[in-house]
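Remarks on the overall topology
Spelled out from the first residue to the last, the chains are:
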Amino acid sequence: MTQSTTRKARPMPTVPTGAPAARMPRERPKPDAAIGRRVIVDDLDAHYGPQHAVRGLSLEFAPNEVTAIIGPSGCGKSTLVRCINRMHEEVPGARATGSVRLDDIEIYDPSIDVVSVRRTVGMVFQKPNPFPTMSVFDNVAAGLRLTGARGGNLREKVERSLRGAGLWDEVRDRLDQPGIGLSGGQQQRLCIARTLATEPEVILMDEPCSALDPIATLKVEELIEELKQRYTIVIVTHNMQQAARVADRTAFMLTGELVEMDLTEKIFTTPGDTRTEEYVTGKFG
Amino acid sequence: MSTLVGIAPGRRRKDRLMRGVLAATTLIALVPLALILYELIKRGIGSWSADFFTTDANGNFLGDPGGIKSAILGTLEMVGLATLIAVPTGIGVALYLTEYGRAGRFGSLVRYFVDVMTGVPSIVFGLFVYITLVLSGAGGSGFAGWKGAVALALLMLPIVTRSAEVVLLLVPDSLREAALALGAPRWRVVLRIVLPTALPGLVTGSLLAIARGAGETAPLLFTAAIINGTSFDLSQRMSSLPGRIFADVGQAQDRLVDRAWGAALTLVMMILVLNLLARLVSRRSRLT
């Protein structure tokens, strides 16, 4: 294993056929009718300097389903999802090799613009992180402004995103107030609205409820249930009850490897691997 | 099992003693500060008048020596130009250090040199500009206001850089990540997220650097020189408040020494206003 610490990942694209498009084709103009993309992870390895965080992992995330990734701390859950929108390579010394495809488009292909990958694959973080200098409205609009998107009715898009995040009724009268003035749960839904505004097709959630109280958590979970009608959703969670509540499928990871992935019900009742059983019954982790 | 007991008398005594010592050192530190302000106001306020601020020093051997208009304007012009040079450059360097070269070897080298520059005595900057720009007659003249501004900018640059870097590092990485994950290119993240978030702190740091530059004499002595008349031409010699004080205070005539005190009070008041502005702006900061 070379200990190279190049900043940019130099992966091996596995889809060399044809002239690859520089941007993700966005053939579906109406997001209301959108169906999420299938995410195919194939033999993915991710490193932080000498540390091997994800080891030869392959799995698929189906569109219009919620897939939960569970596993003990440090098992590579977050790293895995950060590889799906190429945020992993933003960490100095980090690199990833292998293949991640959205339907049939290789996102690590050198001709693919990383910006378009991140617009197609939105991400919600552990801690709500609205932009502190911006109002509620501007926070949602930031998703569009920051990517240089022009045209279209900004106000309409912001409203649609806020409605999509189930926040519109709570903030419609305070759109011009600072985003950080909202409660923690509202801030997280504001961040979800900000992600929705860029009209992604896949939404990654990295422990989106771990900083929220139970009521706010419930709201976000209901939202996830709704969002899966239109997106592919991958949620990393520490909370096994949450995985059981929201996920159609659950993947269990251990030390950078996929132990198993199956229907959530099966994982929690009759898992195929004894390690999974031990984890979900609370014997370790 | 341990039992709960009262504070031993010895510990109580020690506590009182140490608190007393700390209070005393604070008082000792405050005494010179208060005396300076007292003396400045007592001796300087007498020369303040409308004429004092609206006339130039006239060099007359007898009678009214004139005011400090040229010195105030000269300081404003040179510090203004120095700010235009030092603030954008310094914030640029800090942005490079925090956004692009955070971990690299070149970044730490730059950081080291900035630290060294902070410790360089101000007269060295003056000498440097004297040798490189004044003696060589750069720009067609010897002493010139813009050369004084360059010397001040050199002095202000590391202060701006250091304070800006600290503030930019306070901008949480989670905000950068949020913007990057939305698909924003890095330059837009810097322009739309990092800079606006850090703005109050950047302004505060710059104002403090300006205040520092405005009070410096040594970088101006061999670069802008000291003259009496008002000049708006930065390629000519230029008066400055510290220069005026330096020239007047060594004179044998009381009326000139009085003018030095008046100029000193003016300078201190200007810097005080800058500091107050800096504090007001920093209070608006959302970073902790």
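Everything quoted here is computed from the prediction, not taken from an experiment. Positions within a chain are numbered from 1, following the residues in the order the chain's sequence is written. Chain labels run from A onward and ligand labels from 1 onward, assigned in the order the entries are written. This being a predicted model, a pLDDT of at least 70 is required before a residue's local features are given, and a value of 80 or more before pairs of side-chain atoms are given or counted; all residues contribute to the totals for chains, interfaces and linings. Side-chain figures throughout are based on the complete set of non-hydrogen atoms in the structure, without hydrogens or water.

**Concerning the overall build of chain A**
Cut-off, in case you're wondering: Segments assigned H or I by DSSP are reported as helices when at least four residues long, segments assigned E as strands when at least two residues long, and all are numbered from the N terminus. When accessible area is computed with a 1.4 Å probe and restricted to protein chains, residues below 20% of their type maximum are described as buried, those above 50% as exposed, and intermediate ones as partly exposed. Working rule for contacts: check all heavy atoms of both residues, and any pair within 4.5 Å makes them a contact. For accessible areas, the Shrake-Rupley method is used with a probe of radius 1.4 Å. Any residue's cover is judged against the shown protein chains and nothing else.
Counting secondary structure elements, chain A contains 10 helices and 10 strands. Residues counted as buried form 55% of the 285 residues belonging to chain A. A sequence separation of at least 24 residues applies to 70% of the contacts in chain A between residues at least 6 apart. Carbon together with sulfur atoms contributes 50% to the accessible area of chain A, which is approximately 12,200 Å² in total.

**Some words on the interface of chain A and chain B**
In plain terms, the rule: Computed with a 1.4 Å rolling probe, the buried area is the accessible surface lost when two parts are put together, summed over both parts. Salt bridges are identified by distance alone: a Lys or Arg side-chain nitrogen within 4 Å of an Asp or Glu carboxyl oxygen.
Contact with chain A, which involves 26 residues of that partner, is made by 18 residues of chain B. Of the roughly 1,900 Å² buried where chain A meets chain B, counting both sides, 65% is carbon and sulfur surface. Among the residues chain A hides against chain B, the three largest losses belong to A:Pro132, A:Thr133 and A:Leu146. Together they make up 30% of the total. Counting across the chain A and chain B interface gives 2 salt bridges.

**A look at the packing of helix α3 (residues 136-145) of chain A against helix α4 (residues 154-164) of chain A**
Residues and elements named next belong to chain A. Note the threshold: Simply put, an axis is a line fit to the C-alpha atoms, just over the touching stretch for a helix, and the angle between two N-to-C directions goes from 0 to 180 degrees. Throughout, the term roughly parallel applies to angles under 35 degrees, roughly antiparallel to angles over 145, roughly perpendicular to angles from 65 to 115, and oblique to all others. In this scheme, a crossing is called left-handed if the near helix is turned counterclockwise away from the far one by less than a right angle; it is called right-handed if the turn is clockwise.
The interhelical angle for the contact between α3 and α4, taken along N-to-C directions, is 110°, at an axis separation of 9 Å. Classified by the angle their axes make, α3 and α4 are roughly perpendicular. Read as a crossing pair, α3 and α4 show a hand that is right-handed. Seen from α3, the contacting residues are Phe-137, Val-140, Ala-141, Leu-144 and Arg-145; seen from α4, they are Leu-154, Arg-155, Lys-157, Val-158, Ser-161 and Leu-162.

**Brief notes about the pairing of strand β9 (residues 249-254) of chain A**
Residue and element names in this part refer to chain A. Defined as follows: Being paired, for any two strands, means DSSP has found at least two bridges between them.
The element β9 is largely enclosed, with a buried count of 5 among its 6 residues. Pairing analysis gives 4 bridges linking strand β3 (residues 66-70) to β9, with the strands arranged parallel. Residue pairing for β9: Ile-69 is matched across the bridge by Ala-251. Pairing analysis gives 6 bridges linking β9 to strand β10 (residues 257-263), with the strands arranged antiparallel. Paired with Thr-250 across the two strands is Asp-262, which belongs to β10. The antiparallel hairpin formed by β9 and β10 contains 2 residues in its connecting segment, where Thr-255 sits at a positive phi of about 40°.

**Section: the pattern of salt bridges**
The tally for this structure, following the rule as stated, stands at 30 salt bridges over all chains. Of the charged contacts in the structure, one is a salt bridge between A:Arg145 and A:Asp138, with a shortest N-O distance of 3.0 Å. What makes A:Arg145 partly exposed here is its relative accessible area of 30%. Notably, a salt bridge pairs B:Arg19 with B:Asp15, separated by 3.0 Å at the nearest N-O pair. One end of the pair is B:Arg19 and the other is B:Asp15, both in helix α1 (residues 9-44) and 4 residues apart, which spans about a single turn.

**Section: the sheet that holds β3(A)**
Pairing between sheet strands relies on hydrogen bonds along the backbone, with the strands arranged either parallel or antiparallel. Residue and element names in this part refer to chain A. The strand order across the open sheet built from 6 strands is β6-β7-β8-β3-β9-β10, with neighbouring strands paired in mixed fashion. Pairing within the sheet leaves two strands with one partner each, and these edge strands are β6 (121-124) and β10. Across the sheet, the axes of successive neighbouring strands diverge by a mean angle of 20°, strand direction being ignored.

**Things to note about a nonpolar patch on the surface**
All names here are of chain B. Under the convention used in this document: For patch detection, residues must exceed 30% relative accessible area and be free of salt bridges, and they are connected within 9 Å for like charges or within 5 Å for nonpolar side chains (Val, Leu, Ile, Met, Phe, Trp, Tyr).
Taken together, the side chains of Tyr-96, Tyr-100, Phe-106, Leu-109, Tyr-112, Phe-113, Val-116, Trp-187 and Leu-191 define a hydrophobic patch exposed on the protein surface, amounting to about 1,000 Å² of accessible area. At the level of elements, α3 (69-100), α4 (105-119) and α8 (186-214) are the ones that each hand at least two residues to the nonpolar patch. Note on placement: Val-116 falls in helix α4.

**Some remarks on the nonpolar core**
Residues and elements named next belong to chain A. What counts is decided by this rule: As used here, the term nonpolar core means buried Ala, Val, Leu, Ile, Met, Phe, Trp, Tyr and Cys residues forming a set that is joined through side-chain atoms within 4.5 Å.
In this structure, Val-41, Phe-61, Leu-80 and Phe-131 are the most contacted members of the largest nonpolar core, which totals 90 residues. Dropping the residues within four chain positions of it, Phe-61 is found in contact with Arg-37, Arg-38, Val-39, Val-41, Thr-67, Ile-69, Leu-80, Ile-84, Thr-232 and Val-234. Within the second largest apolar cluster, 44 residues are counted, among which are Leu-144, Leu-162, Met-240 and Tyr-279.

**Quick word on the confidence of the model for chain B**
Stated formally: pLDDT: the predictor's confidence for each residue, scored from 0 to 100.
The predicted model of chain B has a mean per-residue pLDDT of 91, with 99% of residues at 70 or higher. Predicted as a complex, the structure gets a pTM of 0.81 and an ipTM equal to 0.82.

**Some details on the sheet that holds strand β1 (residues 39-48) of chain A**
All names here are of chain A. Overall, antiparallel pairing links the 4 strands, which are arranged β2-β1-β4-β5 in an open sheet. Looking along the sheet, the strands with just one partner apiece sit at the ends: β2 (51-61) and β5 (105-106). Strand direction decides the pairing type here: β1 and strand β4 (residues 94-102), joined by 8 bridges, are antiparallel. Note on β4: the bridge partner recorded for Asp-45 is Thr-97. Sheet strands touched by helix α1 (residues 77-84): β1, β2 and β4. Its angle to β1, the strand with the most contacts, is close to 115°.

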